[in-house]
Amino acid sequence: MAGHQSAGLGAVLKQPRSVWAVAFASVIAFMGIGLVDPILPAIAADLQATPTEAEMLFTSYLVVTGVAMFFTSWLSSRIGAKRTLLIGLALIVAFALAAGLSGNVESVIGFRAGWGLGNALFISTALATIVGAASGGTSTAIILYEAALGLGIAIGPLLGGLLGSWSWRGPFFGTAVLMAVGFIAIVVLLGKEETKPTPIRLSAPFKALGRPALAVLAATALFYNIAFFVLLAYTPFPLELPALQLGFVFFGWGIGLAVTSVLVAPVLTARMPRTRVLWMTLILLSLDLIAAGLLIDVKAGLIVCVIVGGLILGIMNTVLTECVMEATDLPRSVASSSYSAVRFLGGAVAPPVASELAKIFTPSVPYYAAAGSALVAMLIVLLGRKALARVNAPIESELEEAEAIAIGES
């Protein structure tokens, strides 16, 4: 990311209004990942739902997002970026509002699924739109987009905690209002596309998974994301904190993830092969999850494990998606979408399974299972290292790097 460092702060801030409109909407879209995290216990209590049912708010969102990722590049290459952005935002507004008005947990789960569809459409298109409209070159556009991504990941749980301290419905209504503002801003400020995109075949993302290197990375991402979402989605229940306090805990988690994703991962990959960074980071993640299981009854210790986990996850997200970029000669957007779809599906499995494991065994068991999943991902990297030989080559394009990282972290 050396190119990032060459762009001054002044150049980043001097952007057209259209760029700021998309960047603002991007922050809100990325907030949706962790927004419901602090209110899961409140939803379970107020709607008389089990922890497993509450965890399905993550599962429905991630399943639909993952499946939709297979098709978003096909759609946006035919109807254009602006229409795709607006459809995504409109869906988020509608389904977030409906979730806030729901009277039972089943409805909230269903509306979160619709939210996932809107998020997939928006996130998959936002970066290309910012790059196309930004002034100051590709480097400044990427810095702005990565800043939006990091802010969204960090602020989502905090806003969820703040609004959730009033009512579990608050985060849903807040998102609907903010995304409606983003919708209006894009309608007014984002101009028509100057060039028509090249159509992408519907089958392209599915065929991409037939490449050995991409298959190895997708399998790695599947098991890694199980560990990721056990830490994110299950932890609010054993912590047993009010929504606002949970929001601050996961704000720290998000800040750690954002910082290491942008600043630490490039330093590590400049000094050692990406595959080595992967398996070493997965071992650290496994140890952190084991520590979380051992410290399940010590709130301060568990909070530290969450924050440390965010630092580790930021490195893993960036390096894994960089590997996806370099693994094949496929178009980067196709390869990243295929891998991310599988990754989201892994995340969808984790929250309800973790809740059931806690109910059947003890509250520590989900963390031990997640640690085992991280170790499986590590073994896949080691066993598939021959297929991954080309991922240790230098990255050719900053834009391609940012595209993969943005899709992988969303």
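None of the values given here were measured: they were computed from a predicted structure.

Asker: With reference to specific residues and values, describe the overall build of the protein chain.
Answerer: Helix and strand counts for the protein chain stand at 19 helices and zero strands. Burial status across the protein chain gives 57% buried among its 410 residues. For the protein chain, contacts bridging at least 24 residues in sequence account for 88% of all contacts bridging at least 6. Carbon and sulfur atoms provide 69% of the accessible area of the protein chain, an area that totals close to 15400 Å².

Asker: Hey, could you go over the packing of helix α15 (residues 274-294) against helix α16 (residues 299-327) for me, with residue numbers and the actual values?
Answerer: It is the contact of α15 with α16, at a shortest axis distance of 9 Å, that shows an interaxial angle of 155 degrees. Overall, the two elements α15 and α16 adopt an arrangement that is roughly antiparallel. Taken as a pair, α15 and α16 cross one another with a handedness that is left-handed. Split into classes, the residues belonging to the contact of α15 with α16 amount to 17 nonpolar, two polar and four charged.

Asker: Outline the nonpolar core, listing residues and values.
Answerer: Counting residues in hydrophobic clusters, the biggest one holds 116 residues, and the most contacted among them are L57, F122, F172, I186, Y224, W253 and Y367. Dropping the residues within four chain positions of it, I186 is found in contact with A21, V22, A25, K82, L86, L89 and F122.

Asker: Would you mind going over the pattern of salt bridges in detail, with residue names and values included?
Answerer: Should the charged atoms of two oppositely charged side chains come close, the side chains can pair. Throughout the structure, instances matching the rule amount to two salt bridges. When the shortest N-O distance is used, the salt bridge between D329 and R211 registers 2.8 Å. A residue pair is termed long-range when its members are at least 10 positions apart, and D329 in the loop between α16 and α17 (332-360) and R211 in the loop between α11 (204-208) and α12 (212-234) qualify at 118 residues. For D329, a relative accessible area of 57% puts it in the exposed group. By relative accessible area, R211 is classed as partly exposed at 33%. When the shortest N-O distance is used, the salt bridge between K359 and E356 registers 3.3 Å. You can see K359 and its partner E356 sitting in helix α17, three residues apart, about one turn around the helix. When its relative accessible area of 60% is taken as the criterion, K359 is described as exposed. On the basis of relative accessible area, E356 is assigned to the partly exposed category, the value being 28%.

Asker: Got a sec to walk through the packing of aromatic side chains? Specific residues and values, please.
Answerer: This structure, assessed with the given rule, holds 12 aromatic pairs. With a centroid separation of 6.2 Å and 80 degrees between ring planes, the pair formed by Y224 and F228 is classed as edge-to-face. Of the two residues, Y224 and F228 both sit in helix α12, four residues apart, roughly one turn of that helix. Judged by relative accessible area, Y224 falls into the buried class, the value being 0%. You can call F228 buried: its relative accessible area is 6%. Through pairs of rings, three or more aromatic residues link up here, namely F58, Y224, F228, F229, F250 and W253. When the ring centre of Y61 is taken as reference, the NZ or CZ atom of R112 above it lies at 4.1 Å.

The rules behind these values
Residues numbered from 1 in each chain as written. Predicted model: local features only at pLDDT ≥ 70, side-chain atom pairs only at ≥ 80, totals over all residues. Heavy atoms only, no water. Helix = DSSP H or I, 4+ residues; strand = E, 2+ residues; numbered from the N terminus. Buried < 20%, exposed > 50% of the residue type's maximum accessible area, 1.4 Å probe, protein only. Contact = heavy atoms within 4.5 Å. Areas by Shrake-Rupley, 256 points an atom, 1.4 Å probe, with all protein chains shown as cover. Axes fitted to C-alpha atoms, helices over the stretch in contact; angles between N-to-C directions. Parallel < 35°, antiparallel > 145°, perpendicular 65-115°, else oblique. Left-handed = near helix turned anticlockwise from the far one by under 90°. Nonpolar A, V, L, I, M, F, W, Y, C, P; charged D, E, K, R; others polar. Core = buried A, V, L, I, M, F, W, Y, C linked by side-chain atoms within 4.5 Å. Salt bridge = Lys/Arg side-chain N within 4 Å of Asp/Glu carboxyl O. Phe/Tyr/Trp six-rings, centres within 6.5 Å; stacked < 30°, edge-to-face > 60°. Lys NZ or Arg CZ within 6 Å of the ring centre and 35° of its normal.

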